[in-house]
Amino acid sequence: MVSDSPHVAYLLVNIAQLYDTAIAEADTLIDRLGVRDELVQNDTLCLQVPSNERYEQVKTELSELGELISESEVNGRLIAVFELHHRLESSGWSVSFVELPQPKTGTEAEGVRHLQFVTRTGIESFRAKFPQLDFDDRGNARNRLLEIADDAAVVRFHDKNMGAVIALETMG
């Protein structure tokens, strides 16, 4: 149940607005890249915050919207993953997971870092279908990610839903 706290209500409005804007920009990029038919879902919205203090505040606020299913250290910083009680929906997409990393440098602006999309095929098959695209390799052995960006959006592609990735990580 969502708290009646005005601060949480502010986050509820803000996260929906952030998602509306980010998914519209990502949707445009996906069309321009020509990869839409190879995607099955937008599973993760990744936020960024400018300070560790704000990380803790947003993490507390997100706990009102979903369940913290993972918080683990990756490359020297914590990354929290929440499974939302109710998906966010916009532009024909919906998202079930919110990822919140601690800031790397403290110079990050608050907002959306990237959106992650699950591919219809394995990640190498996906890459092979689009040899003209210059993907950056991200992630790790359990969650290989291909990233591409333009001036308005950063999108990442992977072949496992975030829930499956977390399950694999907890299995060791």
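To be clear, the structure that these remarks concern was listed above.
Okay, so let's go over this structure. (Residues numbered from 1 in each chain as written. Predicted model: local features only at pLDDT ≥ 70, side-chain atom pairs only at ≥ 80, totals over all residues. Heavy atoms only, no water.)

**Quick look at the pattern of salt bridges**
As enumerated under the stated definition, the model contains 18 salt bridges in all. Residues E71 and K59 are paired through a salt bridge, measuring 2.9 Å at the closest nitrogen-oxygen approach. Within this pair, whereas E71 is found in strand β2 (residues 66-74), its partner K59 is found in helix α2 (residues 52-62), the two being separated by twelve residues in sequence. Taking relative accessible area as the criterion, E71 reaches 31% and is therefore assigned partly exposed. (Salt bridge = Lys/Arg side-chain N within 4 Å of Asp/Glu carboxyl O. Helix = DSSP H or I, 4+ residues; strand = E, 2+ residues; numbered from the N terminus. Buried < 20%, exposed > 50% of the residue type's maximum accessible area, 1.4 Å probe, protein only.)

**Points about the pairing of strand β5 (residues 111-119)**
In terms of burial, β5 is a largely internal element, seven of the nine residues being buried. Inspection of the sheet shows strand β1 (residues 39-48) paired to β5 by eight bridges, in the antiparallel sense. Residue pairing for β5: C46 is matched across the bridge by H114. Of the strand pairs in this sheet, β5 and strand β8 (residues 154-158) are connected by four bridges, and their pairing is parallel. Each bridged residue has a counterpart across the sheet, and for V118 the counterpart in β8 is H158. (Pairing = 2+ DSSP bridges.)

**Side note on the environment of D20**
Secondary-structure assignment places D20 in helix α1 (residues 6-33). D20 sits in the partly exposed class, given a relative accessible area of 37%. Linking D20 and L88, residues 68 residues apart in sequence, is a C-alpha distance of 8.8 Å. Ignoring any residue separated from it by four or fewer positions in sequence, one finds D20 in contact with E89 and S90. (Contact = heavy atoms within 4.5 Å.)

**Remarks on unusual backbone geometry**
A positive phi angle, near 50 degrees, is found at N75, a position not held by glycine. With respect to the helices, strands and loops of the structure, N75 is situated in the loop between β2 and β3 (77-90). Classification of N75 by relative accessible area gives exposed; the value is 78%. We note that S91 has phi near 50 degrees; this positive angle belongs to a residue other than glycine. With respect to the helices, strands and loops of the structure, S91 is situated in the loop between β3 and β4 (93-101). Exposure remark for S91: the relative accessible area of 41% places this residue in the partly exposed category.

Just geometry here; none of it tells us what the structure is for.
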